Amino acid sequence: MKYNDLYFENFTVGRIFETDKRTISQAEIIDFGNQFAPLPYHTDPEAAKDYMFGELVAAGFHTCSISFGLFIEAGVFNSCAMGSPGFDTLRWKKPVRPGDTLQVTAKVTEASPARDESGRNLIKLLFTTSNQDGEPVLEMHTKHFVMSRPD
């Protein structure tokens, strides 16, 4: 799904954005794990069998990165992005395994106009990333500054 030409005025509370899907490979999980989360259950399929998941799983921040990447690739912020002051909550609901196919929905939960001349309107989104079975694997509440539509 692709979105174009969106500005603050398009982020009405309750609106839902949906991304394309992406399948996660074992090689991606291992590569991310080796670079950023070098734990056996993220880097070694054999050693992972001895840990609580019983198999190789993606690092939580890998899932978070994929989720945000899918959202950005959907084009939602192409015209209006002004940065982010961060997020309020991040929850990993279920492990992501090699071969899982992920998709993100992002629901607008709040939209506040700029309070000063900066033009930074604040929106809050609830990201839900689900696997191929429709099971949520990640939820995060994020904040973003976005521009108003130019006159």
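See the structure shown above.
Residues numbered from 1 in each chain as written. Predicted model: local features only at pLDDT ≥ 70, side-chain atom pairs only at ≥ 80, totals over all residues. Heavy atoms only, no water.

Some words on the packing of aromatic side chains
Logical step 1: On inspection of all chains with the given rule, the structure shows 12 aromatic pairs.
Logical step 2: With centroids separated by 6.5 Å and ring planes inclined at 80 degrees, the aromatic side chains of Phe17 and Phe71 adopt a geometry described as edge-to-face. Linking Phe17 in strand β1 (residues 16–23) with Phe71 in helix α4 (residues 60–73), this pair joins segments that are 54 residues apart in sequence. For the pair shown, Phe17 and Phe71 are each scored as buried.
Logical step 3: Within the aromatic cluster, the residues linked to one another by ring pairs are Tyr3, Phe11, Phe17, Phe68, Phe71, Phe77 and Phe127. (Phe/Tyr/Trp six-rings, centres within 6.5 Å; stacked < 30°, edge-to-face > 60°. Helix = DSSP H or I, 4+ residues; strand = E, 2+ residues; numbered from the N terminus. Buried < 20%, exposed > 50% of the residue type's maximum accessible area, 1.4 Å probe, protein only.)

Quick look at the sheet that holds strand β4 (residues 121–130)
Logical step 1: Strand order across the open sheet formed by five strands is β1-β3-β4-β5-β2, with antiparallel pairing between neighbours. Each edge of the open sheet carries a strand with a single partner, namely β1 and β2 (86–92). Across the sheet, the axes of successive neighbouring strands diverge by a mean angle of 15 degrees, strand direction being ignored.
Logical step 2: Judged from the 10 bridges that link them, β4 and strand β5 (residues 136–146) form a sheet pairing that is antiparallel. If you follow Ile123 over to β5, its bridge partner there is His144. (Pairing = 2+ DSSP bridges. Axes fitted to C-alpha atoms, helices over the stretch in contact; angles between N-to-C directions.)

Considering the packing of helix α1 (residues 26–36) against α4
Logical step 1: One can describe the packing of α1 onto α4 by two numbers: an axis separation of 10 Å at closest approach and a directional angle of 115 degrees. Considered as vectors, α1 and α4 are oriented roughly perpendicular to each other. Crossing geometry of α1 relative to α4 is assigned as right-handed. Touching Glu28, Ile29 and Phe32 of α1 are Phe61, His62 and Ser65, all from α4.
Logical step 2: Residues that form the contact of α1 with α4 fall into these classes: three nonpolar, two polar and one charged. (Parallel < 35°, antiparallel > 145°, perpendicular 65-115°, else oblique. Left-handed = near helix turned anticlockwise from the far one by under 90°. Contact = heavy atoms within 4.5 Å. Nonpolar A, V, L, I, M, F, W, Y, C, P; charged D, E, K, R; others polar.)

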